[in-house]
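# Structural overview
Here's the letter readout for the chains.
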Amino acid sequence: MPAPRTVYLDHSASTPCDPQVVEAMMPYFSEVYGNSSSSHSFGRKAEMAIEDARESIARVLNCKPTEIVFTSGGSESDNLAVRGAGWMQRAHGKGAHLITTPVEHSAVSAPIKQMAGLQGFKATFLPVSSEAWVDPEDLAAHLRDDTAVVSVIYANNEVGTVAPIPQLAALAHTRGALFHTDAVQAAGQLNLDVQALGVDLMSLSAHKFYGPKGVGALYIRDGLDLVSAQAGGSHERGRRAGTHNTPFIVGMAKALEIAHAEREARTAHYRAMRDLLIDGILTRVPDVLLTGHREQRLPSHASFIVRGVDSSKLLMHLDMRGVAASGGSACKTGNPEPSGVLLAMGYSPEDATGSLRLTVGHHTTADDITYAVETVRASVEKLRALAKMFAS
Ligand SMILES: Cc1ncc(COP(=O)(O)O)c(C=O)c1O
């Protein structure tokens, strides 16, 4: 039976590409197709488009265009940041101690674990509160003279908590450590001014702010001679080898420009929809907890633990009724292990298997929310009744 309607509430996993962005990209597939490294006119046209995109992104980040490196997305930006900065710091004699949190995206935690396991780095994972809050006092207590890099996620992808980045970055600098933040979820919703944030490195991914998938950027503060994590040609001033993806880079710049211009209106709408969703779920569905921080929270993000319900079954039921949701992180789909983020926040493995993430976008309506809340309520009721039946 076809679903009566569809409601997409998984904007933290990905957003639709804005038609204005698609239009801006189109000429760069088959009209302006030169390799931006070629010196002839075809190459120069592509290079000009890339440099315009770099300038446009730099305006939003309040940095120099030369401080932007284009990558294939958030994962690559995170890898380049922690590896490139860690290797550089060690080569300069700063030390090999890395600090991060247990609530990072795996694109940060996996390279850090690799560096600790294979390359002699030491890694410290800071404690977090039950709301995934990183306390600056905990960072201060764990910083050392040999701390090379601190990496803390700006807005958490699973539970939406927004970290106090300016305070954390300032603390890292008091001990000569570099500070990286993964701003993949924050982009389009929170302030991306790198001077105000005080960060040295910041990762972005276009598909989270209505741009194309497979393109991202890393802000690298001037003067940091990062070791390239992807070696080869001298693209991006030797910091990232690989032929530029001209249409996607143009698309990312356009998407960020729109997101920046419309940030206030969009986030006001997200907040209104998110709060309807949170209130609806908490009042209509019994035995549900809100996860993450109540106030310091991404405007688009609602996340819960639905007690006594297996998240993967709930997502299937919701999908059959046309509601697209997530168990926490799109990158964890198919992984039956309870979320490490929720465990680090102090939830039991049983509770952590009931995670539900609903993230709104600028096309989300109040009707969508009403439908989604009722669908979650009915699906949870059914799953709990089935579980009771099989248990008896
Ligand atoms: C916080 C965060 N960092 C990094 C990534 C990875 O970005 P990409 O999908 O562009 O590789 C994601 C994607 O979900 C994310 O949410």
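Residues numbered from 1 in each chain as written. Predicted model: local features only at pLDDT ≥ 70, side-chain atom pairs only at ≥ 80, totals over all residues. Heavy atoms only, no water.

Let us look at the overall build of the protein chain. If you tally the helices and strands in the protein chain, you get 15 helices and 12 strands. Dimensions along the principal axes, computed over C-alpha positions, put the protein chain at roughly 70 × 50 × 35 Å. Counting over 392 residues, the protein chain shows a buried share of 55%. For the protein chain, long-range pairs separated by at least 24 residues make up 75% of all intrachain contacts whose partners lie at least 6 apart in sequence. For the protein chain, the exposed surface amounts to about 16,400 Å²; the carbon and sulfur share of it is 54%. (Helix = DSSP H or I, 4+ residues; strand = E, 2+ residues; numbered from the N terminus. Buried < 20%, exposed > 50% of the residue type's maximum accessible area, 1.4 Å probe, protein only. Contact = heavy atoms within 4.5 Å. Areas by Shrake-Rupley, 256 points an atom, 1.4 Å probe, with all protein chains shown as cover.)

This part is about the site of the ligand. Residues in contact with the ligand amount to 13 residues; listed here are only the nearest, S75, D182, Q185, S205 and K208. Between an oxygen atom of the ligand and a side-chain N or O atom of Q185, the distance comes to 2.7 Å. Measuring from an oxygen atom of the ligand, one finds a side-chain N or O atom of S205 at 2.6 Å. Its free accessible area being 400 Å², the ligand has 89% of it covered by the protein chains. Examining the composition of the shell around the ligand, we find that three residues originate from one element, helix α4 (residues 74–91), more than from any other. Here the shell around the ligand is composed, by residue class, of two nonpolar, eight polar and three charged. (Near = heavy atom within 4 Å. Polar contact = N/O pair within 3.5 Å; in protein donor to acceptor, adjacent residues only side chain to side chain. Nonpolar A, V, L, I, M, F, W, Y, C, P; charged D, E, K, R; others polar.)

Our next topic: the pairing of strand β8 (residues 216–220). With respect to burial, β8 is a largely interior element, five of its five residues being buried. Here β8 shows two buried faces, one formed by G216, L218 and I220 and the other by A217 and Y219. As defined by bridge partners, strand β2 (residues 68–71) adjoins β8 across four bridges and the pair is classed as antiparallel. Counted as the bridge partner of V69 is L218 from β8. (Pairing = 2+ DSSP bridges.)

This brings us to the sheet that holds β8. Read across the open sheet, the seven strands follow the order β2-β8-β7-β6-β5-β3-β4; overall the sheet is mixed. In this open sheet, the two strands that pair with only one neighbour each are β2 and β4 (122–125). On average, each strand axis in the sheet is tilted by 20° relative to the strand beside it, whichever way the strands run. Where strand β3 (residues 97–100) meets β4, four bridges bridge the pair, whose relative direction is parallel. Within the sheet, the bridge partner assigned to I99 lies in β4 and is T124. Running over the sheet, helix α7 (residues 165–174) touches β5 (147–151) and β6 (178–182) and is turned about 155° from β6. (Axes fitted to C-alpha atoms, helices over the stretch in contact; angles between N-to-C directions.)

With that out of the way, let us pick up the sheet that holds strand β9 (residues 288–290). Pairing is antiparallel in the open sheet, where three strands are placed in the order β9-β10-β12. Of all the strands in the sheet, just β9 and β12 (355–359) have a single pairing partner and so form its edges. Going across the sheet, the axis of each strand differs from the next one's by a mean of 30°, ignoring polarity. Of the strand pairs in this sheet, β9 and strand β10 (residues 301–306) are connected by three bridges, and their pairing is antiparallel.

Before going further, it helps to spend a moment on the side chain of T375. Mapped onto the secondary structure, T375 falls in helix α15 (residues 366–391). Judged by its relative accessible area of 6%, T375 falls in the buried class. In contact with T375, other than residues within four places in its own chain, are L318, R321 and V323.

Before going further, it helps to spend a moment on the nonpolar core. Most often, soluble globular proteins keep nonpolar side chains buried together rather than apart. L61, F70, V150, Y154, F179, L192 and M202 are the most contacted members of the largest nonpolar core, which has 61 residues in total. Taken domain by domain, this core gets at least three of its residues from each of domain 1 (7–15 + 263–391) and domain 2 (19–261). Other than its neighbours up to four places away in sequence, F179 contacts V150, V152, I165, L168, A169, A172, H173, V199, D200 and L201. Core analysis: the second largest hydrophobic core is formed by 29 residues, V7, V306, V309 and L318 among them. (Core = buried A, V, L, I, M, F, W, Y, C linked by side-chain atoms within 4.5 Å. Domains from an automatic or database assignment.)

The next subject is the domain arrangement of the protein chain. As assigned here, the protein chain comprises domain 1 (7–15 + 263–391) and domain 2 (19–261). Each of domain 1 and domain 2 has a C-alpha centre, and these two points are 28 Å apart. The interface is formed by 34 residues belonging to domain 1 together with 33 residues belonging to domain 2. Both faces combined, the contact of domain 1 with domain 2 buries some 2,700 Å², and carbon together with sulfur accounts for 50% of it. When the area that domain 1 buries against domain 2 is broken down by residue, the three leading residues are T15, R263 and L298, summing to 26%. Remark: the boundary between domain 1 and domain 2 carries zero salt bridges. Taken together, domain 1 and domain 2 are joined by 21 residue pairs in polar contact (both at pLDDT 80 or more). (Buried area = accessible area lost by both parts, 1.4 Å probe. Salt bridge = Lys/Arg side-chain N within 4 Å of Asp/Glu carboxyl O.)

At A132, a position not held by glycine, the phi torsion is positive, near 65°. The topology assignment puts A132 in the loop between β4 and α6 (136–142). Since its relative accessible area comes to 6%, A132 is described here as buried. With a phi close to 70°, Y210 is a non-glycine residue in the positive phi region. Within the secondary structure layout, Y210 lies in the loop between β7 (201–205) and β8.

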